[in-house]
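# Fold and geometry: a report
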Amino acid sequence: GKSLEHVSFELRSDRDFVLEAVKSNWTALHYVSSDLLKDPEVILEASKQSCEALGFANRALRDDLDFILAVARNRPTQDSRLVWHQATPALTAQFDLEAFQLALASEPLAVPGQRGIVLTVSLFHTLKDSTEGYFVCE
């Protein structure tokens, strides 16, 4: 991780170099350029070692349900709650933990013409009352 601490800003901004660094040690994220903290592949690679890597991702990634699910799928032995708590408050207000875990248990659906993977949870909205959550399919 600290190996990036002493390299030039150019190398800290070099995607291929950073990907190799985070494969070795996810804590290299401490030293990468802010542009690369927006790169889903960099964060996903680092999250294979620790879901704490998600905390370094920019807000847009942490607000993306499909991305959060991809991180959780990267860590199948890790408690999914640890990943969910790295999401933004806006996302966790929209979907509760139960909806997240339901989506995590479902298979991703590939949708032609869309970036990445659209997951079945995208079909659900969580409606909450004071005591329990309900899922409504659109």
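Here the structure is a predicted model, which is why all the values come from computation and not from measurement.

## Here we look at the packing of aromatic side chains
Enumeration according to the criterion identifies two aromatic pairs in this entry. When the ring of Trp26 is compared with that of Phe56, the centres are 6.0 Å apart and the planes differ by 65°; the resulting orientation is edge-to-face. A residue pair is termed long-range when its members are at least 10 positions apart, and Trp26 in the loop between helix H2 (15-24) and helix H3 (40-47) and Phe56 in the loop between H3 and helix H4 (59-62) qualify at 30 residues. Judged by relative accessible area, Phe56 falls into the partly exposed class, the value being 23%. Between Trp84 and Phe100, the aromatic rings sit 4.6 Å apart at their centres with planes inclined by 25°, giving stacked as the arrangement. Of the two residues, Trp84 is situated in helix H6 (residues 80-84) and Phe100 in helix H8 (residues 97-105); the sequence distance between them amounts to 16 residues. For the pair Trp84 and Phe100, one class covers both residues: buried.

## Here's the deal with the nonpolar core
Judged by nonpolar contacts, the single largest core of 34 residues is most densely connected at Leu29, Ile43, Leu54, Ile68, Val83, Trp84 and Phe100. Looking at this core, the elements that each hand over two or more residues are H2, H3, helix H5 (65-74), H6 and H8. If you tally residues by element for this core, the top one is H5, at six residues. In contact with Ile43, other than residues within four places in its own chain, are Leu29, Leu37, Ala53, Leu54, Phe56, Ala57, Leu61 and Phe67.

## Here we look at the pattern of salt bridges
Under the definition given, this model contains five salt bridges. In this structure, the salt-bridge partner of Glu41 is Arg15, at a minimum N-O distance of 2.4 Å. With Glu41 in helix H3 and Arg15 in helix H2, this residue pair connects regions lying 26 residues apart in the sequence. With a relative accessible area of 42%, Glu41 lands in the partly exposed category. A salt bridge links Asp35 to Lys38; the shortest N-O distance between them is 3.7 Å. Under the relative-accessibility criterion, Lys38 is labelled partly exposed at 47%. The network of salt bridges with common partners includes Arg15, Asp39 and Glu41.

## Side note on the side chain of Glu45
Counting through the fold element by element, Glu45 comes out in helix H3. Glu45 gets classed as buried once you look at its relative accessible area, which sits at 17%. Among residues more than four places away in sequence, those in contact with Glu45 are Leu19, Val22 and Lys23.

## Focus on H5
Buried residues of H5: Leu65, Phe67, Ile68, Leu69, Val71 and Ala72, and no others. Elements in contact with the buried residues of H5: H3, H4, H6, helix H7 (89-94) and H8. At the N-terminal end of H5, a side-chain oxygen is found 2.9 Å from the backbone nitrogen of Asp66, two or three residues along, and the residue is Asp64.

Procedures and definitions
- Just so you know, the residues in each chain are numbered from 1, in the order the chain's sequence is written.
- Owing to the predicted nature of the model, reporting of local features is limited to residues with pLDDT of at least 70; listing and counting of side-chain atom pairs is limited to 80 or more, with chain, interface and lining totals taken over all residues.
- Calculated side-chain values reflect all of the structure's heavy atoms, with hydrogen atoms and water omitted.
- Working definition: rings of Phe, Tyr and Trp (its six-membered ring) pair if their centres are within 6.5 Å, and the pair is stacked with planes under 30 degrees apart, edge-to-face with planes over 60 apart, and tilted otherwise.
- In this description a helix means any DSSP run of H or I spanning at least four residues, a strand means any run of E spanning at least two, and both kinds are numbered starting from the N terminus.
- Remark: exposure states derive from per-residue accessible area (1.4 Å probe, protein chains only) relative to the maximum for the residue type, with buried under 20%, exposed over 50%, and partly exposed in between.
- By nonpolar core we mean a set of buried residues, namely Ala, Val, Leu, Ile, Met, Phe, Trp, Tyr and Cys, connected to one another through side-chain atoms within 4.5 Å.
- Any two residues having at least one pair of non-hydrogen atoms within 4.5 Å are treated as being in contact.
- By salt bridge we mean one thing: a side-chain nitrogen of Lys or Arg within 4 Å of a carboxyl oxygen of Asp or Glu.
- For the purposes of these results, a polar contact is taken to be a pair of N or O atoms within 3.5 Å, where, inside protein, one atom must be able to donate a hydrogen and its partner to accept one; residues adjacent in sequence count only when each atom of the pair is a side-chain atom.

In short, shape yes, function no, at least from these values alone.
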